[in-house]
Amino acid sequence: MSQFELLPLRCGHIVDHPVESFLYRTKTSELRIDAPCIAWLLRSPTDLILVDTGPGTRVQAPQHYRSNDPDDLLPLELVRVGIKPDAIKTVILTHLHNDHVGGAEHFPEATFYVQLKELQEAVWPVPFQRPIYEVNRRGHAPAWTSILDRYVALDGDTAICPGVSTVMLPGHTSGSQGVLVDTNAGPHLLPGDLVPLADNWKANGASWIPNGNHTDLYACERSFQRLAALGATVLPSHDPRVFDHATYPLPQLAQDTA
Ligand SMILES: [Zn+2]
């Protein structure tokens, strides 16, 4: 069994964002945060996989950059961890919102794994999600269309390579998927925007709160139940506290595999 480490890469921010909008029907005293957009690098001795690509450059997505952020965060993050974009051959997209797919063009050698349902939803989303799929502007090509020739459209749960598989987790969007990753401290799960903050997955899954941005609350509930059954360590998609650690699993959880 291939064992991976997971490295969070900071690709942008949802700037000055009300925490309440991540936590459906929960009052949080007007608290606002700069919520990071996160790409995850999965690295094993034999495989290299990226999960999500962030919003792209400042020119592409000015709303996702703070005034003091560098103009293109993801390439700098890749330099920091010693990876050239050409080396990324496999990208898994949890869904096609612009803050997850906008950086796709950085990876000219990659194939992009996304759910067929998500591609269909991106073409004709519910009206309130039209801006986040970028299908609301005449004459503007949405970021997700820039890689149409390089998608692999998945139909449900799929093994991508030994140690990495996708798991259907609809609710935030109808084609959302998570990524289940084997590590030497047990399975870790990247849930996409089903779980934007650790607070959505309270007490390690003893209870849960849907993302305020959702298309189907029944689907959210079923996806949370599925997460609970998987028994994996869940790493949220927009939580600043993710960057308290440079890599996962946390060293104190890792078993001695020597
Ligand atoms: Zn989203």
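Since the model is a prediction, treat every value here as computed from it, not as a measurement.

> Any chance you could explain the sheet that holds strand S1 (residues 5–18) here in plain terms?
Strands pair in a sheet through their backbones, by hydrogen bonds, and they do so in one of two ways: parallel or antiparallel. Sheet architecture is open: 6 strands sit in the order S1-S2-S3-S4-S5-S6, paired in mixed fashion. A strand with exactly one partner marks an edge of an open sheet, and here the two such strands are S1 and strand S6 (151–154). Averaged over all pairs of adjacent strands, the angle between their axes in this sheet comes to 25 degrees, without regard to strand direction. Sheet topology note: the strand S4 (residues 90–92)/strand S5 (residues 111–115) ladder contains 3 bridges and is parallel. Pairing of Ile92 across the sheet is with Tyr113, part of S5. Across the sheet, helix H1 (residues 73–80) is in contact with S1 and strand S2 (32–43); its angle to S1 comes to roughly 150 degrees. In this fold helix H3 (residues 116–123) packs onto S5 and S6, with an angle of close to 80 degrees to the strand it touches most, S5.

> Would you explain H3 in this entry?
Since the α-helix advances by 3.6 residues per turn, residues separated by three or four positions end up pointing in the same direction. Taken residue by residue, H3 has Glu118, Leu119, Glu121 and Ala122 as its buried positions. The buried residues of H3 all sit within an arc of 160 degrees when viewed along its axis, so they share a single face.

> Can you help me understand helix H4 (residues 217–230) in this one?
In a regular helix each residue adds 1.5 Å, so 14 residues correspond to 20 Å; H4 covers 20 Å between its end C-alpha atoms and thus fits that length. Two residues or fewer after H4 comes Gly231, characterised by a positive phi angle close to 65 degrees.

> Got a minute to help me understand the packing of aromatic side chains in this structure?
Remark: the centre distance and the inter-plane angle together describe each pair of aromatic rings, the angle taken between the planes. A full pass over the atoms with the stated rule returns 4 aromatic pairs. Judged by centre distance (5.7 Å) and plane angle (65 degrees), the ring pair of Trp40 and Tyr248 falls under edge-to-face. Here the residue Trp40 occupies a position in strand S2, and Tyr248 occupies one in the segment after strand S11 (233–234), the gap between them amounting to 208 residues. With relative accessibility at 3%, the residue Trp40 sits in the buried group.

> I'm lost on the pattern of salt bridges in this one. Help?
One pass over the full model with this rule turns up 9 salt bridges. The partner of Asp16 in a salt bridge is Arg32, with the nearest N and O atoms 3.1 Å apart. Taken together, the residues Asp16 in strand S1 and Arg32 in strand S2 connect sequence positions 16 residues apart. Residue Asp16 is classed as partly exposed on the basis of its relative accessible area, which comes to 42%. Given the relative accessible area of 46%, Arg32 is considered partly exposed. A salt bridge links Arg241 to Asp199, with the shortest nitrogen-to-oxygen separation between them at 2.5 Å. Placement of Arg241 in the segment after S11 and of Asp199 in the loop between strand S10 (188–190) and H4 is noted, with a sequence separation of 42 residues between them. Classification of Arg241 as partly exposed rests on a relative accessible area of 45%. What makes Asp199 partly exposed here is its relative accessible area of 31%.

> What's the story with the coordination of the zinc ion in this structure? I'm lost.
For a metal bound by four donors in tetrahedral geometry, the ideal donor-metal-donor angle is 109.5 degrees, whereas six donors in octahedral geometry ideally sit at 90 or 180 degrees. Distances from the zinc ion to its protein donors, His95 (NE2), His97 (ND1), His172 (NE2) and Asp193 (OD), fall at 2.2 to 2.3 Å. Around the zinc ion, the 4 donor atoms sit at angles spanning 91 to 168 degrees, and that spread fits a shape best called irregular. Look at Asp193 and you get buried, because its relative accessible area is 5%.

> What is the right way to read the nonpolar core from this model?
Note that soluble globular proteins tend to have their nonpolar side chains buried in a common cluster. The biggest cluster of nonpolar side chains holds 28 residues, and the ones touching the most others in it are Leu93, Leu96, Val101, Phe112, Trp144 and Tyr151. The set of elements that each furnish at least two residues to this core consists of S1, S2, H1, S5 and H3. No other element matches S1, which puts 3 residues into this core. Sequence-distant contacts of Leu93, defined by excluding residues within four places in its chain, comprise Asp52, Thr53, His100, Val101, Phe112, Tyr113, Val114, Ile147, Tyr151 and Gln177. Of all hydrophobic cores here, the second largest spans 19 residues; its members include Trp40, Leu42, Ile160 and Leu190.

Conventions used here
- Residues numbered from 1 in each chain as written.
- Predicted model: local features only at pLDDT ≥ 70, side-chain atom pairs only at ≥ 80, totals over all residues.
- Heavy atoms only, no water.
- Pairing = 2+ DSSP bridges.
- Helix = DSSP H or I, 4+ residues; strand = E, 2+ residues; numbered from the N terminus.
- Axes fitted to C-alpha atoms, helices over the stretch in contact; angles between N-to-C directions.
- Contact = heavy atoms within 4.5 Å.
- Buried < 20%, exposed > 50% of the residue type's maximum accessible area, 1.4 Å probe, protein only.
- Arc of directions from axis to C-beta.
- Expected span 1.5 Å × (residues − 1).
- Phe/Tyr/Trp six-rings, centres within 6.5 Å; stacked < 30°, edge-to-face > 60°.
- Salt bridge = Lys/Arg side-chain N within 4 Å of Asp/Glu carboxyl O.
- Donors = N, O, S within 2.8 Å, 3.2 Å for Na, K, Ca; no water.
- Tetrahedral: all angles 85-135°; square planar, octahedral: opposite > 155°, others 65-115°.
- Core = buried A, V, L, I, M, F, W, Y, C linked by side-chain atoms within 4.5 Å.

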